[in-house]
Amino acid sequence: MAGFGLTIFAVVTLLVMAVILIPVAKRSRLPHSVLLTLFGLALGMYFAWFDSGRDFSGSSYIAELKSLGVGAEAIFYLLLPPMIFDSAVKINVRRLIDDIGPILLLAIAGTLLSIVFIGYSLQVFSSVSIVVCLMVGAICSSTDPLPVQEVFEDTGVPKRVDLLVEGESLFSDSTALVAYALLLAMLTGNAEFTLMSGVFSFVEVSVGGIICGYIFARLACWLYIVVGESQIARNTLSICLSYLCFFLVEDVFGYSGVIAVVTAALVIGIYGRAVYSPTNWTAFLDLTGQINFIAKSIVFILVGMVAPSLVKSFGVDDLLLLCILTLAAFAARAVSVYIMLPALSFFRLADPVDHPIKLVMFWGASRGAISLALALAILETPGIDSDTARFIGTMVCTFVLLTLLVNATTMQALLKLAGLKRLDKLELAIKDRAIFDALSELSDDITAQNEASGGEDKLLQGAVSDFDDRSRKLFDSMARRNELEDDQWIAIALTAVAQFERRIYLGYLEDRLVSPTVARVLLSDTDDLLDGVRQGGRDGYMEATRHNFRFNWQARLAIWLHMHFNWPYFLRKELARRFERLLTVVAVMDELDANADERVARLTYRELMVHVASALEYRLDFARLDLQGLRLAYPEYGQKLEHNLLKLRVARLEQQKYTELLDEAVISNEVYEELIDEIERRIAVFSLQPEHDLGLSAREMLDRLPLFSQLSIERNQEISRLLKPRFVTADELLIQ
């Protein structure tokens, strides 16, 4: 084996090692990226110091590993696009847009602040040019949110805080990569360094990347429909989108390929979900995650292999600069977390963040695969002299390794110090109550099984006795602990109800009983409910309910466009979605009768269920009242839409039944396809929106008022020309 085949074999064996390290990471409780880096370091140290050059079996493989490297073009065009695409496509875009202001402020301002802090700090203490120092700052300002997100999953912070960190990291990567591209052009002599030219170029390539990414993504969504239901074709198209978008925008159009890929992934996250079923969408995300895993594994191992050769000549001056780099990076991070984030909370642009979580956000800002990929690219980029490449590569690699080996490995200790690893009283009560009810139910089931078999089975009797002993000990433990307040028990029940509501919506989406667009809004609504309960209990649940049914920014924009430009299309679309959303909420809330739901009753006391039921009744009444208002305003349209939705859901249920018959081999594939084709034709008819007259004609509105009925037609026409009808929402103030 030689040449290209040996290279492929070397890469595959490294990936196999990356997979083997996954269970090691779980057992050692170390991040997988840290173990990959340590493995790469071990290989690099062997190649740098311990390889005596002796001839032994397999030496050709060792030689191939030693010479294995990834060029700058391979990093940019092969590894970078899937890493960026996977991070962006998984974000909840609707909630991202709701918080886009604080996210962009933290990402852009925080990243630029970090670049400036690092760049000018290094320039003061070194003889390197300011462009090179700023390049180090740009590469080191890209953060990896994974360690912090893992903590958030364990501690149950509000979804909005989690999204703030995830969105900040995504746009921080984009900002850092755009700055990197501009500085690289200056470093290689393709551009001159001036503040105004840098700002102008930054805006130009960013806006151009956004426009191009949006166009490419919408084209891909159109092709989704063209290729039909083929999951393989759609997945292939989506993966190719990340590469084509990056290459064409970066090299052909001259804009930011990174921004284009991020934009395209966000658009796919919005419109692509409407084409995929939930199961297929999950499979698609698994595929992008798999490719991302491969790319990141290669980067971490290769950097570990390169690091020993970089630090061979690492001296006292380099150590001093590394300390300055570290202090500057964490000083900039402290400003973002402890000054900018509280400022956003003060102006009510973001939810308040507790001090322990701020500490985790500050310390958990480790650098990851993107920073390492850029460092590798610098080492392989032509046009950069060896001393400059060594300086950038050494500073970046040592700093990233420092954050991985120190910050990432000490996260568990930090969690214990901050008290985030301990279950609070509320979580302990939920755990104990759930285990107690599970043990009691198991004991009753086994007792019934023993009695059915004659009551003489000693093994079953022993199992019942064991469950009873455990239940008594747990009950005594629960009694010794401080009892929760009634409001906390109610919050526990409402949390369970919101989770049940979310599961029903997911089932509706999987069975295609609700449109993907409306389903995403409903799922986001349940996230708001969970955050509301977590922060305000029953009152928070009711406030989140009121927030759910307010007209969002898309609806208000549609109203504004109709009022100022007489464009009714978007308003018709928003009202149709609102009808479907309210009809679905009313149907689901009717199913969630808290007094009859034993699963909820197990998590709280029955005498408190009346308060839970009243909160659910409040939500149901709110939805019914809003729906009744739309029905009164548009009776004919509402009736047609409800009729179509009912027929659409019946057709979907019929489709499910035929699928079950096919799975049970009751009908053949030919019969199944004929039945499905007929149903799809009916579904296409029912999916068409009925004609909708908004009733905002001034002339027609005057005709319906008795006050103007006695006037002549000409007079009414004159009056109507002086009037401008407008659509108002239920929460809008008309007269003050």
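Report on the accompanying structure. (Residues numbered from 1 in each chain as written. Predicted model: local features only at pLDDT ≥ 70, side-chain atom pairs only at ≥ 80, totals over all residues. Heavy atoms only, no water.)

### Notes on the overall build of the chain
Quick reminder of the rule: By the criteria applied, helices consist of DSSP H or I runs no shorter than four residues and strands consist of E runs no shorter than two, each listed in order from the N terminus. Burial status follows relative accessibility: with a 1.4 Å probe on protein chains alone, a residue under 20% of its type maximum counts as buried, one over 50% as exposed, and anything between as partly exposed. Any pair of residues with heavy atoms lying within 4.5 Å of one another is described as a contacting pair. The accessible surface values rely on the Shrake-Rupley method and a 1.4 Å probe; as for residues, cover is taken only from the protein chains in view.
Counting its regular elements, the chain contains 30 helices and zero strands. For the chain, buried positions account for 47% of its 736 residues. Put simply, 78% of the contacts in the chain that link residues at least 6 apart link residues at least 24 apart. Surface summary for the chain: the accessible area is close to 37000 Å², and the carbon and sulfur share equals 61%.

### Brief notes about a nonpolar patch on the surface
To keep it simple, the criterion reads: To count toward a patch, a residue needs a relative accessible area over 30% and no salt bridge; like charges are then connected within 9 Å, while nonpolar side chains (Val, Leu, Ile, Met, Phe, Trp, Tyr) are connected within 5 Å. When a carboxyl oxygen of Asp or Glu is within 4 Å of a side-chain nitrogen of Lys or Arg, the pair counts as a salt bridge.
A cluster of nonpolar side chains, contributed by Ile97, Trp553, Leu557, Trp560, Phe565, Trp567, Tyr569 and Phe570, occupies part of the molecular surface with about 840 Å² of accessible area. Elements that contribute at least two residues to the nonpolar patch include exactly helix 23 (553-565) and helix 24 (569-591). If you tally residues by element for the nonpolar patch, the top one is helix 23, at four residues. Note that phenylalanine 565 resides in helix 23. Judged by relative accessible area, phenylalanine 565 falls into the partly exposed class, the value being 43%.

### Some remarks on the packing of aromatic side chains
This is how it is decided: Stacked, edge-to-face and tilted labels apply to pairs of Phe, Tyr and Trp rings (six-membered ring for Trp) whose centres lie within 6.5 Å, assigned for plane angles under 30 degrees, over 60, and everything in between, in that order.
This structure, assessed with the given rule, holds nine aromatic pairs. With a centroid separation of 5.7 Å and 15 degrees between ring planes, the pair formed by phenylalanine 549 and phenylalanine 622 is classed as stacked. One end of the pair, phenylalanine 549, is in the loop between helix 22 (516-548) and helix 23; the other, phenylalanine 622, is in helix 26 (residues 609-633), with 73 residues separating them in the sequence. Among the residues examined, phenylalanine 549 registers a relative accessible area of 5% and is labelled buried. Judged by its relative accessible area of 27%, phenylalanine 622 falls in the partly exposed class.

### Observations concerning the pattern of salt bridges
Side chains bearing opposite charge may pair, as long as their charged atoms lie close to each other. Evaluation of the coordinates by the stated rule reveals 12 salt bridges. The partner of lysine 90 in a salt bridge is aspartate 86, with the nearest N and O atoms 3.1 Å apart. Assessed through its relative accessible area of 4%, aspartate 86 is described here as buried. A single network of salt bridges, built from pairs that share partners, joins Glu543, Arg546 and Arg550.

### A word on the side chain of threonine 584
Note the threshold: Whenever a nitrogen or oxygen atom comes within 3.5 Å of another N or O atom, the pair is scored as a polar contact, on the condition that within protein one atom can donate a hydrogen and the other can accept it, and that pairs from neighbouring residues in sequence are kept only if both atoms are in side chains.
Note on placement: threonine 584 falls in helix 24. Since its relative accessible area comes to 0%, threonine 584 is described here as buried. A polar atom in the side chain of threonine 584 sits 2.7 Å from the backbone oxygen of glutamate 580. With sequence-adjacent residues up to four places away left out, threonine 584 is seen in contact with Tyr505, Tyr508, Val514, Leu522 and Arg649.

On their own, these measurements won't tell you what the molecule is for.
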